[in-house]
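# Descriptive analysis of the structure
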2 protein chains.
Amino acid sequence: MPDHRLQADGARVLADLNALRGIGTYKTGVHKPTFSEPHLRSLEWLAQRLPDAGLTAEIDGIGNVLGTSAKPGRKLLAGSHLESQNFAGWLDGPLGVIYALEAARVLNPDPGIDGAVEVASWCDEEGHFGSFLGSRSYIGNVSEADIDAARDRSSGRTMRDALRDAGLAGRPRITADAKRHIGYLEAHIEQGQRLESSGLAIGIVTSIVGIWQYRITFTGEQNHAGTTRMDVRKDAGLALARFCVDIDERFPAVSGPRTVWTTGRITLDPGAPSIIPGHAEMLFQMRDDDPAVIARLEDLLQSIAAQVSAQGRCNVAIERIRTGAPALMDAGFQQAIEAASRALAGGRSERMPSGAGHDAQVLATIMPAGMLFVPSIGGISHHWSENTDDADIVTGAQVFVDTCRRLLTA
Amino acid sequence: MPDHRLQADGARVLADLNALRGIGTYKTGVHKPTFSEPHLRSLEWLAQRLPDAGLTAEIDGIGNVLGTSAKPGRKLLAGSHLESQNFAGWLDGPLGVIYALEAARVLNPDPGIDGAVEVASWCDEEGHFGSFLGSRSYIGNVSEADIDAARDRSSGRTMRDALRDAGLAGRPRITADAKRHIGYLEAHIEQGQRLESSGLAIGIVTSIVGIWQYRITFTGEQNHAGTTRMDVRKDAGLALARFCVDIDERFPAVSGPRTVWTTGRITLDPGAPSIIPGHAEMLFQMRDDDPAVIARLEDLLQSIAAQVSAQGRCNVAIERIRTGAPALMDAGFQQAIEAASRALAGGRSERMPSGAGHDAQVLATIMPAGMLFVPSIGGISHHWSENTDDADIVTGAQVFVDTCRRLLTA
């Protein structure tokens, strides 16, 4: 029997999530790029609520929000992020932060719990300025030089300028004390359709796939689009288009059953209608939980590039800009989520890998980590129409709070 | 025998061109987008020099500079433009303006010439905000609503804001008095290699090819790049890449001997590395002097689009955003250029079509028009390394001034 004193308050969780949706609203979702005004306002909103859970709030020099407890006993770290992709959904990030806040509100005041949930909102999980900069800063993996070099992918604004405008320049960055926490727990919407299509309530994450990212540049010859004959052109944009089609045709023979790859951005330079582009660039990403598959695909990518270069019209250069090894979730955390799901979600749970990257993969490098998923309608994410049934949000909160209770009292 | 009193001053022409290169310098070229500070400074520079040629200068409400003469007799309009493509060459535009200024300086004060050269610098020939907005405004083909709708293609800044910041808002726009001029003459670098490779000094333009431009949009489904399986994706960027490759493979069978086509810009939406693009857009352009060829290619474009749409992953929509009928240059103007080339360039001239668009095609719709080309080194244009030998620049100026003399005294 669950202890009803220690249950999540579903109405309070929904009210908090809707309050955050009210900051930077876009259609039914939000537009809160990292260090935008609505993102900063969301951080302040969280910082003001952490004392309700007996936590001391601090926003650090990279925009992480941390709520720390003076209560003796075990400490469990929990959280997610508050910024969004551009014009994206209301739950990707905030769900995990509010679940953590709710767990802290329910468990920290209880004298029967020998310990506390501490709450984190990691900055820039969505990668506007880099790759997991907030959680990586916390584990000591971001240098001042990294911050000097970071720029907003959309606007080009430097991270230094953004931090200064946000009033965060000069603040210390909080880093982890590895012995302080028994581990890290994060909740997230599934961003896929497996839970929904199987009528399940909870996904117990077993591993987080690695993400490998590349900047692929094509160099041809910029020239006039009216006076340069077709047969002498060195059109970097056309070389890029051929490269994308080659990938689409040749990757399936070499990839694994769950491999995915995406060209998310293309830029032609100078990008004017009357100029043959002399340079072109694409951002290309591959994900798999097996590094051997990625190694085979990297070889294929290089061989496609060599073939394009050998044709003599354009040169192709491939630069790896991000390498993410797959991260395993802690077995004890998985068991705790499963037990909580049996108690509060009728056992409607399933173990599954995460195809998306999350801060939990960063925290997993220094402490035990676990993740739970709730269903997402139609599997839509990174789009403003992303959504989850209120009932599933509440069930997820109850399982999350009970998982925290089990981990703190195990 | 040429009249030496009426010859171009080659040193003065080169000095003026270099003075304009000194405004908004980028490497050996310039960066002067329409209504940028260096562009506006170049307009002022010209306005200050027009009185040297007995002309009254005015900068009108769309940024055209016009120098008008009170001298009785025939009036010949001559000019080009002063803004540049982004990070582009020093001669594309200024050459024709300085030749016109030089012709006015040489011919207007001479009592033996019963008439005058009037000088024009047309705004935005390079199409930052639209298509030939300056010269089209002059012939009465741009409405206030057109200006309301115009935006800078790169920055998105509205033309109204740009005109206000330039101090031009509220000024009247000067429009043509069709009976005032015997015609319009424009000089330009060739932007091709034909003159250079044949050792010629002057190209006598016979016609200016038409430019047809299209916005082609692809609509798929935006989704998460990690959690969406390859086989269910509706990737608008990939559909666009396939479309570009299809064009490249299927157009040559249908195009004419001089047809050219170019994809100058590609945008994926939202353009983030971890999101499958749900929308994609390309700017596509075709040029030919035969509208029947263009009609065949438009049919092919539509059939490629229908095939992509029929595959069911993405929808393709083709919107024609610019139609340019080919423009014929006046036979009398061509004869005058040829006679001047015989007198001053040893007859090293050749008749040729222009593959690039020019303001002369706009002026040709209301008055006789002519164009002459000078060689461009390596045929490079719309790039900062664009260049022409000083000797060729001077020869071109001499032929240009003599052509004006012949037209005014014919």
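Keep in mind that what you see is a predicted model, and the values were worked out from it rather than measured. (Residues numbered from 1 in each chain as written. Chains lettered and ligands numbered in written order. Predicted model: local features only at pLDDT ≥ 70, side-chain atom pairs only at ≥ 80, totals over all residues.)

## A short note on the overall build of chain A
Secondary structure summary: chain A contains 12 helices and 17 strands in total. Taken over C-alpha atoms, the radius of gyration comes to 23 Å for chain A, in line with the 22 Å a tight globule of 410 residues would show. Seen along its three principal axes, the alpha-carbon backbone of chain A occupies a region of about 80 × 45 × 40 Å. When contacts within chain A are restricted to residue pairs at least 6 apart in sequence, those whose partners lie at least 24 apart make up 77%. (Helix = DSSP H or I, 4+ residues; strand = E, 2+ residues; numbered from the N terminus. Rg over C-alpha atoms; globule rule 2.2 N^0.38 Å. Contact = placed C-beta atoms within 7 Å.)

## Points about the sheet that holds strand β13 (residues 279-288) of chain B
Residue and element names in this part refer to chain B. Pairing in this open sheet of four strands is antiparallel, and the strands run β11-β13-β9-β14 from one edge to the other. Strands at the two margins of the open sheet, each flanked by one partner only, are β11 (260-269) and β14 (315-323). Within this sheet the neighbouring strands show an average axis-to-axis angle of 20 degrees, counted without direction. Here strand β9 (residues 210-219) runs beside β13; their pairing, made up of 10 bridges, is antiparallel. Across the sheet, residue Ile211 finds its bridge partner in β13, namely Arg287. Lying over the sheet, helix α8 (residues 236-250) contacts β9, β11, β13 and β14, oriented at roughly 15 degrees with respect to β13. (Pairing = 2+ DSSP bridges. Axes fitted to C-alpha atoms, helices over the stretch in contact; angles between N-to-C directions.)

## As for the relation of the copies chain A and chain B
Superposition record for chain A on chain B: RMSD 0.1 Å, screw rotation 180 degrees, translation along axis 0.0 Å. Overall, the copies show the geometry of a two-fold rotation axis. The rotation axis passes nearest to the C-alpha of Ala241 of chain A in chain A, at a distance of 2.2 Å. Here 100% of the interface residues in chain A have copies in chain B that are interface residues too; the copies meet face to matching face. (Least-squares fit on C-alpha atoms with pLDDT ≥ 70 in both.)

## What about the confidence of the model for chain A?
Close reading of the predicted structure is inappropriate where its pLDDT is low. Overall, the prediction assigns chain A a mean pLDDT of 95, with 99% of residues at 70 or greater. For this predicted complex, the interface score ipTM comes out at 0.71, alongside a pTM of 0.70. (pLDDT = per-residue confidence, 0-100.)

## Section: α8 of chain B
In this model, α8 of chain B (15 residues) spans 21 Å end to end at C-alpha, consistent with the 21 Å of a helix rising 1.5 Å per residue. Along α8 of chain B, the residues that are buried comprise Ala236, Gly237, Leu238, Ala239, Leu240, Ala241, Arg242, Phe243, Cys244 and Ile247 of chain B. (Expected span 1.5 Å × (residues − 1). Buried ≥ 20, exposed ≤ 12 C-beta atoms within 10 Å, placed from the backbone.)

## What to know about the environment of Trp90 of chain A
Residue and element names in this part refer to chain A. On the secondary structure map, Trp90 appears in the loop between β5 (74-80) and α3 (94-107). Sequence separation of Trp90 and Asn387 is 297 residues, and the distance between their C-alpha atoms is 7.5 Å. Once residues within four sequence positions are removed from consideration, Trp90 is found in contact with Leu17, Arg21, Gly29 and Val30.

## Details of the domain arrangement of chain A
Residue and element names in this part refer to chain A. For chain A, the assigned domains read domain 1 (4-209 + 326-409) and domain 2 (210-323). Between the C-alpha centres of domain 1 and domain 2 there is a distance of 34 Å. Grouping the constituent residues of the side of domain 1 that touches domain 2 by class yields three nonpolar, four polar and no charged. (Domains from an automatic or database assignment. Nonpolar A, V, L, I, M, F, W, Y, C, P; charged D, E, K, R; others polar.)

## Description of the nonpolar core
One finds Ala103 and Cys404 of chain A together with Ala103 and Cys404 of chain B to be the most contacted residues of the largest nonpolar core, which totals 234 residues. Setting aside residues up to four positions removed in sequence, Ala103 of chain B forms contacts with Ala78, Val117, Phe400, Val401 and Cys404 of chain B. (Core = buried A, V, L, I, M, F, W, Y, C linked by C-beta atoms within 7 Å.)

## Remarks on the environment of Gln213 of chain B
Mapping Gln213 of chain B onto the fold places it in strand β9. Residue classification places Gln213 of chain B among the buried positions, given that 21 C-beta atoms sit within 10 Å. Between the C-alpha atom of Gln213 of chain B and that of Asp288 of chain B, which follows or precedes it by 75 residues, the distance is 12 Å. If near-sequence neighbours (up to four positions away) are discounted, Gln213 of chain B is found in contact with Pro273 of chain A together with Leu283, Gln285, Ile321 and Arg322 of chain B.

## Details of the packing of helix α10 (residues 331-344) of chain A against helix α12 (residues 390-409) of chain A
All names here are of chain A. Running from N to C, α10 and α12 cross one another at 130 degrees; their axes reach a closest spacing of 8 Å. Viewed along their axes, α10 and α12 adopt a mutual orientation that is oblique. Remark: the crossing between α10 and α12 carries right-handed chirality. Along its contact with α10, which presents Phe333, Ala336, Ile337, Ala339, Ala340, Ser341, Ala343 and Leu344, the element α12 presents Thr395, Gln398, Val399, Asp402, Thr403, Arg406 and Leu407. Residues of the contact of α10 with α12, tallied by class, amount to nine nonpolar, four polar and two charged. (Parallel < 35°, antiparallel > 145°, perpendicular 65-115°, else oblique. Left-handed = near helix turned anticlockwise from the far one by under 90°.)

## A word on the packing of α8 of chain B against helix α9 (residues 291-310) of chain B
All names here are of chain B. One can describe the packing of α8 onto α9 by two numbers: an axis separation of 11 Å at closest approach and a directional angle of 140 degrees. Of the possible angle classes, the one that applies to α8 and α9 is oblique. Crossing of α8 over α9 shows right-handed handedness. Along the contact surface, α8 presents Ala239, Arg242, Phe243, Asp246, Ile247 and Arg250, while α9 presents Leu300, Ile304 and Val308. Residues belonging to the contact of α8 with α9 are distributed by class as follows: six nonpolar, no polar and three charged.

## Comments concerning the interface of chain A and chain B
Counting residues at the interface gives 49 residues for chain A, matched by 49 residues for chain B. For the side of chain A that touches chain B, the elements supplying multiple residues, two or more each, are β10 (223-224), α8 (236-250), β11 (260-269), β12 (275-276) and β13 (279-288) of chain A.

## Section: the pairing of β13 of chain A
Residue and element names in this part refer to chain A. Within β13, eight of the 10 residues are buried, which leaves it mostly tucked inside the rest of the structure. With nine bridges joining them, β11 and β13 adopt antiparallel strand pairing. From the neighbouring strand, Ile266 faces β13, where its bridge partner is Met282.

## Concerning the sheet that holds strand β14 (residues 315-323) of chain A
Residues and elements named next belong to chain A. Spatial ordering of the open sheet is given by β11-β13-β9-β14, a layout of four strands whose pairing is antiparallel. Strand pairing shows two members of the sheet lacking a second neighbour, β11 and β14, which therefore form its edges. Direction aside, neighbouring strands of the sheet carry axes that sit 20 degrees apart on average. Relative to β14, strand β9 (residues 210-219) runs antiparallel, the two sharing eight bridges. For Gln213, the partnering residue across the bridge sits in β14 and is Arg322. Packed onto the sheet, helix α9 (residues 291-310) meets β9, β13 and β14 and runs at close to 160 degrees relative to β14.

## Describing helix α2 (residues 37-49) of chain B
Owing to its 3.6 residues per turn, the α-helix brings residues three or four apart onto one side. All names here are of chain B. With 13 residues, α2 ought to run about 18 Å at 1.5 Å a step, and its terminal C-alpha atoms sit 19 Å apart, in line with that. Here α2 has its buried residues at Pro38, His39, Leu40, Ser42, Leu43, Leu46 and Arg49. On its buried face, α2 sits against α1 (10-21), β3 (55-59), β4 (65-69), α3 (94-107) and β6 (115-121).

## Details of unusual backbone geometry
In this chain, Asp269 of chain A is followed by Pro270 of chain A through a cis amide linkage whose omega measures 10 degrees. Looking at the element boundaries, Pro270 of chain A is found in the loop between β11 and β12. Residue Phe87 of chain A is not a glycine yet carries a positive backbone phi of 50 degrees. Its identity is not glycine, yet Phe132 of chain B carries a phi of approximately 50 degrees, on the positive side. For Phe132 of chain B, the position within the fold is in the loop between β6 and α4 (133-138). Residue class for Phe132 of chain B comes out buried when judged on the 27 C-beta atoms lying within 10 Å of it.

## Here we look at the environment of Ala280 of chain A
Counting through the fold element by element, Ala280 of chain A comes out in strand β13. When the C-alpha positions of Ala280 of chain A and Gly237 of chain A are compared, they lie 5.5 Å apart, and in sequence the two are 43 residues distant.

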